Structure formats: C-alpha cells, structure tokens
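In case you want the letters, here they are:
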Amino acid sequence: MLNKMANKLTLATVVLGVVLSPAAMAAEEINIYSARKEALIKPLLDKFTEQTGIAVRLATGDPSALQKKLELEGENSPADLLITTDAGNLHRAAEAGLLQPVVSDTLNEKIPENLRDKDNGWFGLTYRARPIFYVKDKVKPEELSTYEALTDEKWRGRICIRSSNNIYNQSLTASMLAADGAEKTQQWADGLVKNLARPPKGGDRDQIMAAAAGQCDLAVANSYYYAGMLNGNDEEQKAAANKVAVFWPNQDDRGTHINVSGIALTKSAKNKDNAIKLMEFMVGPEAQQWYAETNGEYPVVTDVEASELLQSWGTFKADALNLSVLGENNAEAVKIMDKAGWK
Amino acid sequence: MTGVNLKQRAWQLVLTAMALLVALPILAVFAYLFIPAAEVWQHLAETVLADYLRNTIWLVLGVAAGVLLLGIPAAWLNSMCQFPGRALFEWALLLPLAMPAYIIAYTYTGMLDFSGPLQSLLRDITGWGYGEYYFPEVRSLGGAILMLSLVLFPYVYLLARAAFLEQSVCVLEVSRTLGCSRWQSFTLVALPLARPAIITGLSLALMETLADFGTVQYFGVPTFTTGIYRTWFGLGDSAAAAQLAAVLMSFVFVLILLERWSRHKARYHHTSNKYSRLPKYQLRGRQAWLATLICALPLLLGFIIPVLQLAWWSLTTADTGFDAGFIELIWHSLLLAAMAAFFALLLALVLGYGKRVNNDPLVSFTSRIAAMGYAIPGTVIAIGVLIPFTWMDRQINAAGNWLFGASPGLLLGGTLFTLLFAYNVRFLSVSLQTVEAGLGKIKPTIDDAGRSLGLGAFGVLQRLHLPLMKGTLLTALLLVFVDVLKELPATLILRPFDFNTLAVRAYEMASDERLADAGLPSIMIVAAGIIPVILLSRSITRARAGGN
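Residues numbered from 1 in each chain as written. Chains lettered and ligands numbered in written order. Predicted model: local features only at pLDDT ≥ 70, side-chain atom pairs only at ≥ 80, totals over all residues.

Our next topic: the overall build of chain B. If you tally the helices and strands in chain B, you get 23 helices and two strands. Principal-axis analysis of the C-alpha atoms gives chain B an extent of 80 × 65 × 50 Å. In chain B, which comprises 548 residues, the proportion classed as buried is 51%. The long-range fraction of contacts in chain B, counting pairs at least 24 apart against all pairs at least 6 apart in sequence, stands at 84%. (Helix = DSSP H or I, 4+ residues; strand = E, 2+ residues; numbered from the N terminus. Buried ≥ 20, exposed ≤ 12 C-beta atoms within 10 Å, placed from the backbone. Contact = placed C-beta atoms within 7 Å.)

Quick look at the structure:
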C-alpha cells in the first residue's frame, strides 16, 4: 500500500517536473518572440532549421505585450530575437533599451536605409502601404489627391477608418506630424473625424467591406489586408474587394505612408551568432519572396519582385521618412487623436 | 491550551501567506499607485476618461439586467414546472458558458454587420441603400451588453437553479399553506432564499464583464479595460495605466461591499432536515409555450445560432485549418484547463475551510483581495505575475552568480507554472465563491457534532464536508475548467515557447481579420467545453434534496 503510494508520488513528481520545467536547452537553438502570427512565419523558420540544423523556438503574441515581457524579464529573458510589426513598436523596444545593435554588411546592403533603424537596432523585413481605397462606381480617382485632402468638405460622411487604438492609424498620424507639424496635424485629425461615415469600428478589412456595401465611399486600410481579401477563400470578401480600387495618395509630394514588419536582436540574446544568421537568412531571395507573398506585403530587398497581384496595383512613390520617427512621434499622435475625438 | 493556540496561529499564518501569494500580482499593480502620473491623467480627464466611466457603468448595469432577466425565469421554470422541451433546456441552457464572449462577438458581427449577409439580403430585396432604413448596429455598447449577457447569463441560471433545487420543499409548502399564491411564494420565499446564490452568479457575470477586453475592443466601445491597454502601451505610461486599473478594482470593491452589506448577518441554511419531492407543476396551453419560448430564446441566441455560423466557417476552411498541429492545440488547451482547475479547487478548499474554522479578519481580508482577480483583465494579471516572478528570477540569478559563478536564466518566467499561477490569480474567485457557498449551506452544528465525536478540523473536512459537498466541488472544478479553456490574454503573454492553445489560434486568425479561419479553433473550444458543462448540469440535478 505504502509502496504503491510512493510509486504514484514519484510518477506525479516526474510528470510535474517534465511539464513545468523549462524545456532542456538544446545545443544550438534560437528563441523568438514574434508578433508575426505563427502561420505567417513558422514554415520559414522550419526551412531555416532544415538548412542549418539550428532549432528555433517560437512564442507569438501581441506586440506591446511582448515588449513588456522583454522589459520585465530583463537580462534573464530567453528571447534572442524580437519580430514585430510596425516601426512604432520596433522603435519603442529600442528606446526601452531592449535591443542591441547588429553590424552586418548583408543586412545593411540588402535593406534600404529608411527601412531600418539609424542605429542598427532593428531591420525591416517587409513593408506595407496604407493607401486610400475608393468605390469604383462612386468616386473617380481624380477626386483624390492626398491624406491631407481627406478633410475636404466634399467627403463629409463618406470615409471609413478604424479606431485610433490601432497602431497603424497612430503611425499614419505620426507621419503626418513629421510632414505637417503638430498644429496642422491636429486640424487634420479634427477634420477627418468630421468626415467619418460612422464611428470607427472593426479592422481594416471591415472598412473595405463597409465601403463596398455602400456605407462609405472611401476606406483607409493596409495594403496586405486588401491582398488577403482578394486571395482568401471568403467569397463575400472577394466580391467586396473587387468593388474598390487602390489610390496611392501624396504622389506629388512625400509619397504614400508605408510601414514595416521587422526583426531585432534582443539585449539579452544568449545565442547571438545564430540569431544574426537567421536575420541574414530572412533577407535572402527565397525567404523574402515567401515572407512577403504569404502576407501580401512588399519585400524590402530591391532585387526581389513583389507578387503579381501587388504589381497589378501599379508602382507608387513611398514616403521616404525614416521610420524611427514614427516611434518618436507616437505618444504625441495618440494625444492628438484623443483630442480630435477619434474613438 | 497553548498548543491549540499555537496551532491556530500557525494556521492563520499559512492561510494569510497563501492568500497573499495569490494577491501578489494584484498588489504589484497597486504599487504603481504611488508613482505620480499627473500629466497623463490630465490628458485622460480632458479627453477620454468620461467615456470610459460612462461606458463601463452602462455596460455593468446593462449586463446585470440582462443576465438576471435571462437567468432567473429560466431557472425557476426549470426547477418547478413541466413544459415542452424542459428536459432539454435543463442542461442545454448552460451551453452558452462554453462560448467565449469575443467569439460570439465575431459571429454576430459576421451575420449582422452592414456588409453581412442579413443586411445585404434586406437591401437586395427592398432596394434600399445605406441610411434609408434602420437596422440596429451590432458593434455598439448595446451590442456588447447583449453579447456579454448571452454568454454570461448561465452563471445566474446555474446558481439560481441549484439554489431553487436545494430549497427544502417544506418551506415552499408551508408558504402555500400560509396563504401565499404561487407567485407570492416565488417572490416572498424562494427568491429571497436564493438571493445569496443569485448574487454570487451575478457578481461572477459582472466581474467577467469588467475584465472583458476582446468584445469591447472589437466593438470599438472604449471602457476601462481598453483604456488601460491603450494607456499602458499607446501612451507608454505604466503608472497611469495601473491607476486606471486601480479605479477598475475599486468598482469591484464596491460590488463586493454591496453584496456583503445586503446580506447583513442573515444565514441561509435550512433548519429543517425534512425534504420531500415536489411534483413539478404541469404548465398547459399558452403558459407552456411561453415557458418554452423563455428558455428557447437564450439558448438559440447564445449558443445555437453562433455555433451554426462557426460550423459554416469551419466547413469553408476545413481543408486548410485541420492538421497534425491542431490535435496538439486541443491537447494543450485541455491540459492547461484541467491542471488549473485542480489547483484552483485545492486552493479554494484550503482558504474557504480555513476561514470557516478560524474566522480571522486578516485571512478574510487577504483572501478577498486574492479573489478580486476575476474582475481584472488578463493582460493586467499577466504583467502583475511577471513583475514579482521576474524579480525573484533576478535574485536567484544574482545568488547563483555569487555562489557558483553561473546563472541559471529564467526559472519561473516562461514556464507553465507561471501560466498556471496566473490562472489561479484570475479564477480563484470562481472556485472560492463556489466552495464558500457550499460550505455556507452546511450547518455549523454539523462541525460541532463531528468535533464532539472526536474528529479534528481536518477530519471534519474529510469525513463530513467533502462528501456533503461533492456536487459543489465538481461545480467549482468545471467552472474553472471552462473559464481557462476560453481564457486568452494571460495565455497569450505567459505561455512557454512552442506552446499554443485553441484560444491562441482562434485569436491569431481573428486578429488577422480572417474570421472564417477562426471558425475551426473556435468551434473546438466550444466543443471541448460542452462535456464539462453537461457534467455540471447533471451534478446539480442530483443535488436536489430529497430527490431520488
């Protein structure tokens, strides 16, 4: 009886131990905190492991939460790499002292200067634009020109855009701050809110859906969502996407607002060399093609072409603003949006 | 004599320490209160704070009304009357518990939004355009109230029904012989007697409402929860965010105080042991159909319709969604839920019984704080857990360095232990309230009798209370199980590398705005929750005193 109990206890302890202890450290491995969803990165990491024999462990999450986790874990953090979307997030991580600079000729050569951190803290891997989408049988593209012109009275009650809680809108406003200054940006935000067809709700796809259904005539959304709607298996979304077309704003001045998804080496990285190997792998032609195409984004590397679908929307001039600035302006942008009553 | 005193002291110490440990993350967040954040507060007060307050208050009031209206009539009809479909409703009304609020929000948005199938059909038939007809906006405060009420009313239904069933039938018979009508014996006797149970169900529903992030965020309704998130990450101000969280917690505190005050010192256990089986009152004709309708509506809206939508989405994506990794997701979800439920029950038993044995104000107070976690958003709890845990990791590493010249890295952070601990902080309230309610129904004279027959405090628990509370214990276990299955924010932040769950997968798809792809993992969460929910229902039916 006693023996049986002792056996059970031992078994329980072993099971608990296995389940609760951090997985035993493999000889060669990299640990990644990723705000990029599993489905959009895992296959590529598997390929890396296949080619190099280096194991990769992944924990995905929300960008802000991942940063907070890194901050709290400090030098004990198991993460070697941080993969996240939006320069605002990357910049914030750098500001918080969570990243360490990487000096790599490969990365510097392949990635255009404005798509990586001035101090080598983070590197863009793909970029996406935030253009205006117009309903083809209601709006002529000639009526459109710039983001600034969205405040024009003729658009009263005709624009759909998501909540200001979203980082994409925060970064768009941050880019306006860089171009136009605080006062004009506040006026812009006020004017835009006046022109909204409905209180902001839903994600970027919802804005395009609402436009297609007749609730508004213009929608502001990220380019890859539009690609996802056209490529996805949801017939309703496909039909909606076909009712609208892309307009690239600000072509006569600074260019359309773009942003990146990027990668950075953490300060706590214990597997630095292998982590840099993975960073360089990510800008290789094959990886770039897959990584960009899977999420409907543009590759950062100039010698890799965007997917056919993206090319069919035509080429455009992108805002050449160094994306670190988006992060620097973020808090002020949020305050401006709050003041404008942008929900 | 001194021996007993010493033992009691030791118990007090252990209990306080345990409650404190669970309260630690909440206290860690409170510690931010002492960091000034005047500038951000001024900005908040000038712009969004009024909105947060107004929306949060309306949300709480709305959901309170919603869950009571949906829960109590259904519970009464099911325990007292006979009408078409009753045998089905009895357990099926618990099914919405298996449906996470953020997922029901996705499904109704998919169906009812301006660009959704229903409104498109309406426009096709009538030829109306935008603005030419009225259609209620699902993504609104009202929509959020409805969504949360539809998935949270089973808490009220569950506890109210258990209370009605456990009421000594004699009490009701006496009330009838004293001249009460059926309606009077419901309002004057049964309802007041069931009040503690109903209030417990209501407070569970409201705490879950206060902690909800997914639904209000998706509907664009700014509340304290979304405000905390935005201030923490958007404005980058931890102190102001924590202070917002503290305001949120004071809501909860007021709720708890109100409940305590409303109960006074009243005791709710029955003084008679005489039970007899009450024949169910047979409803006929219009009455019967009305009863069927009252029970069918919440079931239809809170479960059947959203499940059909999820099933449709799953069918359209089944070819891509289901792979070997998917089985692993299911296994992880079940494993976490089972372990967390077990730990939470254990903790609740120790704290609940400890309080019964020696009613110490300190223990009572700390376990109150520990049980506040249910109303706190998962994100805040996750950060609150990380603060002390990573601090301990740093101390351990420093000591390791000093002693052996080597540091072991993260010991606590990044393990399943951290996540399980966070679940306990978040859901202890559920198991504790259930266990306390169960203990409250056992007359203190039973303890005295057991003690006088030579049993120790532990003996009383083991030999008398546990067998008497079998149903209660199972309820506590299953409630936490289902809650953990649905939990998202803390899981997302605290889970170890390469460890995904169904909720995480559903969220990843939905946040990528691929609602259809979120269908398959969502419906699996619901499916995994159904079995415990059915078990739950059966354990309650058996609890009927004097039943067969």
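With a phi angle near 60°, asparagine 120 of chain A is a residue other than glycine that sits in the positive phi range. Look at aspartate 498 of chain B: it is not a glycine, yet its phi comes out positive at around 55°. In this fold, aspartate 498 of chain B is placed in the loop between α21 (489-494) and α22 (502-511). On the basis of neighbour count, aspartate 498 of chain B is assigned to the partly exposed category, with 16 C-beta atoms found within 10 Å.

Moving on, we come to the interface of chain B and chain A. Contact with chain B, which involves 46 residues of that partner, is made by 50 residues of chain A. Among the elements that make up the side of chain B that touches chain A, the one with the highest residue count is helix α16 (residues 378-404) of chain B (eight residues). Residues of the side of chain B that touches chain A, tallied by class, amount to 17 nonpolar, 19 polar and 10 charged. (Nonpolar A, V, L, I, M, F, W, Y, C, P; charged D, E, K, R; others polar.)

What follows concerns the environment of alanine 98 of chain B. Residue and element names in this part refer to chain B. Mapped onto the elements, alanine 98 comes out in the loop between α4 (86-92) and α5 (101-112). With 23 C-beta atoms counted inside 10 Å, the residue alanine 98 sits in the buried group. Remark: the alpha-carbon pair of alanine 98 and aspartate 512, spanning 414 residues in sequence, is separated by 23 Å. In contact with alanine 98, not counting residues within four places along its chain, are Val482, Val526, Gly529, Ile530 and Val533.

Turning to the sheet that holds strand β5 (residues 132-135) of chain A, a few remarks are in order. All names here are of chain A. Spatial strand order, β6-β7-β5-β8: four strands in an open sheet with mixed pairing. Looking at the sheet topology across the chains shown, the edges are occupied by β6 (159-160) and β8 (244-247). Where β5 lies against β8, four bridges are found, and the strand directions are antiparallel. Each residue of the ladder has a partner; that of tyrosine 134, found in β8, is alanine 245. (Pairing = 2+ DSSP bridges.)

Here three bridges tie β5 of chain A to strand β7 (residues 218-220) of chain A, and the two strands are oriented antiparallel to one another. Counterpart to tyrosine 134 of chain A in the pairing with β7 of chain A is leucine 218 of chain A.

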